[in-house]
Amino acid sequence: MESVLVTGATGFIGSRLVEILKERNYNITTLVRPGKHTKIETSEVVGDLTDSNLEFGDKTFDCVFHLASHTPLEKNVKVLEKVNLEGTKNLFKAIQDKTKSMIYISGLGVYGNPGESTIDETHPYNPDTNFVKIRLDAQKFLEEECKEKGINFATVHFGDVYGAEGWFYEMLIKRLQKKSFRLPGGGKYFKGFVNVDDAVGSTIAVYENKGFGESYIVADSTPVTFKEFVNFTADQIGAKHPGNVPNFLAKAALGSDLIKLLTTSMKASNQKISKIYQFKFPSYKEGIPSVISELKSKNLL
Ligand SMILES: NC(=O)c1ccc[n+]([C@@H]2O[C@H](COP(=O)([O-])OP(=O)(O)OC[C@H]3O[C@@H](n4cnc5c(N)ncnc54)[C@H](OP(=O)(O)O)[C@@H]3O)[C@@H](O)[C@H]2O)c1
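Note that the coordinates shown come from a computational prediction; the quantities given were computed from them, not determined experimentally. (Residues numbered from 1 in each chain as written. Predicted model: local features only at pLDDT ≥ 70, side-chain atom pairs only at ≥ 80, totals over all residues. Heavy atoms only, no water.)

A. Inspection of the packing of aromatic side chains at higher detail. Scanning the model with the defined rule gives 19 aromatic pairs in all. The interplanar angle of 40° and the centroid separation of 5.3 Å between the aromatic rings of Tyr-111 and Tyr-125 together place this pair among those described as tilted. Here Tyr-111, found in the loop between strand S5 (101–107) and strand S6 (118–119), pairs with Tyr-125, found in the loop between S6 and helix H3 (130–149); they are 14 residues apart in sequence, far enough to count as distant. Between the aromatic rings of Phe-168 and Phe-229, the centroid separation amounts to 5.9 Å while the plane-to-plane angle is 70°, which identifies the pairing as edge-to-face. Taken together, the positions of Phe-168 in helix H4 (residues 166–177) and Phe-229 in helix H6 (residues 226–237) put the pair 61 residues apart, joining distant regions of the chain. A relative accessible area of 0% means that Phe-229 is categorised as buried. (Phe/Tyr/Trp six-rings, centres within 6.5 Å; stacked < 30°, edge-to-face > 60°. Helix = DSSP H or I, 4+ residues; strand = E, 2+ residues; numbered from the N terminus. Buried < 20%, exposed > 50% of the residue type's maximum accessible area, 1.4 Å probe, protein only.)

B. Structural view of the environment of Gly-109. Along the polypeptide, Gly-109 turns up in the loop between S5 and S6. Between the alpha carbons of Gly-109 and Phe-131 there is a distance of 8.9 Å; along the sequence they are 22 residues apart. Ignoring anything within four residues of it in the chain, the contact list for Gly-109 reads Pro-127, Val-132 and Leu-261. (Contact = heavy atoms within 4.5 Å.)

C. Quick look at the pattern of salt bridges. Counting across every chain of the model gives 13 salt bridges. Note that Glu-116 and Lys-267 form a salt bridge whose closest N and O atoms lie 3.5 Å from each other. Highlighted residues: Glu-116 in the loop between S5 and S6 and Lys-267 in strand S15 (residues 267–268), separated in sequence by 151 residues. For Lys-267, a relative accessible area of 18% gives the class buried. (Salt bridge = Lys/Arg side-chain N within 4 Å of Asp/Glu carboxyl O.)

D. How the structure looks around the site of the ligand. The environment of the ligand is formed by 24 residues, the closest being Thr-10, Ile-13, Arg-33, Asp-48 and Arg-135. Separating a nitrogen atom of the ligand from a side-chain N or O atom of Asp-48 is a distance of 2.8 Å. Contact distances for the ligand include 2.9 Å between an oxygen atom and a backbone N or O atom of Val-161. Protein chains shield 85% of the accessible area of the ligand, which is 910 Å² for the free molecule. Looking at the shell around the ligand element by element, the count peaks at three residues for S5. By residue class, the composition of the shell around the ligand is eleven nonpolar, eight polar and five charged. (Near = heavy atom within 4 Å. Polar contact = N/O pair within 3.5 Å; in protein donor to acceptor, adjacent residues only side chain to side chain. Areas by Shrake-Rupley, 256 points an atom, 1.4 Å probe, with all protein chains shown as cover. Nonpolar A, V, L, I, M, F, W, Y, C, P; charged D, E, K, R; others polar.)

Nothing here speaks to function; it is geometry throughout.
What follows is the structure, encoded as structure tokens:
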């Protein structure tokens with residue numbers, strides 16, 4: 001049985017990752033903050049990334065999946081640095097002699113603003129928000145340190161991940177129901193969405209196929225404008241199509257990094273990951289109805 005450590009396992013994507021790893025018979029350790037627990041039983045190590053003395057005792061791992069981070073909703077750059085960069089360094093210090101491999105989760109924001117062209121993994125990184133600069137610094141730190149220590153390393157850049165929790169449920173579905181959702185800047189920018197099952201499935205495929213020394217874009221095969229995606233979701237739940245909000249007002253409410261990341265057009269090719277992983281939901285048109293069914297079965301809709 002392979003042993004893995006998952007950080008961020010109490011979060012939206014991490015909790016799904018843990019469920020699927022369990023189904024695949026992995027022996028799972030999680031890093032959880034005090035008072036938190038994973039949804040399904042795992043071997044929990046209580047700790048916080050900001051602790052420079054993080055410890056995992058005599059545990060050893062075949063792979064560390066590092067998902068824990070603050071989201072771009074956090075506007076304080078010092079907090080972002082402390083958790084997303086210093087926290088990553090603290091984690092590395094604690095696991096450097098305990099793991100054979102590591103997979104770091106990041107987002108497509110690292111590619112900046114590629115305009116209307118479709119990008120792949122050869123596109124240069126061009127971070128243009130504090131949030132993404134810090135995430136890229138953490139990635140580069142891990143790349144270099146893992147190389148030096150002989151630890152296999154890969155980075156997975158997710159598109160916008162939707163599922164029955166996280167931003168899709170909390171910020172979109174609930175607000176569409178309450179008629180309080182607005183499209184920042186009109187929503188005509190393209191996004192690379194990915195259903196959480198495919199985000200998690202691809203990440204496991206990278207590990208199981210030993211796709212190390214590489215980075216992977218994980219978005220579905222159907223780039224779509226945010227407006228089309230939102231209106232399709234509204235139709236699925238019988239809500240009205242939302243109106244718009246100017247970017248400057250959205251930035252005042254949600255922070256400039258988040259709105260810049262959201263309103264930057266991003267069309268990304270999933271050709272590389274598709275060589276080792278077959279998407280369950282190649283398009284939001286199949287993925288959203290599945291999430292809606294899940295929400296209904298949990299009486300959340
Ligand atoms: N959601 C998306 O659309 C998306 C897109 C691209 C990339 N990603 C990346 O995917 C990863 C997971 O995202 P998510 O949406 O699942 O995020 P999430 O729901 O906000 O979960 C974040 C996780 O990180 C943990 N965490 C935060 N600060 C920590 C700290 N100081 N010490 C230890 N753990 C800490 C949280 O623990 P608590 O439960 O204790 O708060 C939680 O388990 C992140 O790296 C994110 O940047 C997400």
